[in-house]
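Observations on the three-dimensional arrangement
Chain residues, written in single-letter form:
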Amino acid sequence: MPAREARAVRVPAGRRVSVVDVEGGQVGDLFAFAAADPAEHLSAAHTRASTGRLFPAIGEEFVTDRRRPILGLVADTSPGAHDMLIAACDPARYALLGAERPHRSCAENLRESLAGLGLAVPVTPQPVNVFMRIPVAGDGRLSWLPAVSQPGDSITFEALMDCLLVVSACPQDLVQINGGDPTPLAIDLPQAAPDKE
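So, here's what we can say about the structure. Since this is a predicted model, take the numbers as computed values, not measurements.

1. Details of the nonpolar core
- Judged by nonpolar contacts, the single largest core of 28 residues is most densely connected at Val 19, Leu 30, Phe 62, Leu 71, Phe 157 and Leu 165.
- Listed by contribution, the elements that provide at least two residues to this core are strand S1 (6-11), strand S2 (16-21), strand S3 (28-34), strand S6 (69-76), strand S7 (128-130), strand S8 (154-159) and strand S9 (163-169).
- Ranked by the residues each element gives to this core, the list is headed by S9, at four residues.
- The contacts of Leu 165, once residues within four sequence positions are left out, are Arg 7, Ala 8, Val 9, Val 11, Val 17, Leu 30, Phe 31, Ala 32 and Leu 71.

Here you go:
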């Protein structure tokens, strides 16, 4: 997907899907919704409670706001810096940062992507921010550091239920998470292997 934009894909249970940092140094906001009921969504808060970690390790699961597994983390070729603390950027965030004109945001990207499928959600869930470096200091302070993912780095998930995945190539250019210059991401959804006879 081009820098600053988002794409939605339907992922059946059992299929793998990767988010690829095409040029390196780019954050992606990842949202996932149950295909049967988009009111059920991947929840960073419920996942932290389930795993006891700020971000699941390979082999662990992301869960929904109904505490059901929706995605499994199966591979990560990046340095492994990801975030599940920070809300999606939105128009109010850019206004507070002093943006002088309308600015694309991950929240609006999500709404546009869902609207293209005839869907809507009442609130923007907190995303899984892939490739995003937000270290937590001993005193609890957060730092907003540039992503260190390299060109071609990827993170791979397995759908644990039929789901709808939305990925936004974060348009943030007023803090340094994208190095001040957003770039593209890609969604890689390999074709399912044919059934063996």
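2. What to know about the pattern of salt bridges
- A complete count under the given rule lists 10 salt bridges for this structure.
- When the shortest N-O distance is used, the salt bridge between Arg 141 and Asp 139 registers 3.7 Å. Like Asp 139, Arg 141 is exposed.
- One network of salt bridges, with partners in common, ties together Asp 37, Glu 40, Arg 66 and Arg 68.

3. Side note on the layout of surface pockets
- In this model, the largest pocket occupies a volume close to 160 Å³.
- Lining the largest pocket are Leu 54, Phe 55, Ala 81, His 82, Asp 83, Met 84, Leu 85, Met 132, Arg 133, Ile 134, Pro 135 and Val 136.
- Classifying every residue of the lining of the largest pocket by side-chain character gives nine nonpolar, one polar and two charged.

Parameters at a glance
Residues numbered from 1 in each chain as written. Predicted model: local features only at pLDDT ≥ 70, side-chain atom pairs only at ≥ 80, totals over all residues. Heavy atoms only, no water. Core = buried A, V, L, I, M, F, W, Y, C linked by side-chain atoms within 4.5 Å. Buried < 20%, exposed > 50% of the residue type's maximum accessible area, 1.4 Å probe, protein only. Helix = DSSP H or I, 4+ residues; strand = E, 2+ residues; numbered from the N terminus. Contact = heavy atoms within 4.5 Å. Salt bridge = Lys/Arg side-chain N within 4 Å of Asp/Glu carboxyl O. 1 Å grid on protein atoms, 1.4 Å probe; cavity = no way out; pocket = protein on both sides within 12 Å on 5 of 7 lines; lining within 4 Å. Points joined across faces, edges and corners; volume = space filled by probe spheres on them. Nonpolar A, V, L, I, M, F, W, Y, C, P; charged D, E, K, R; others polar.

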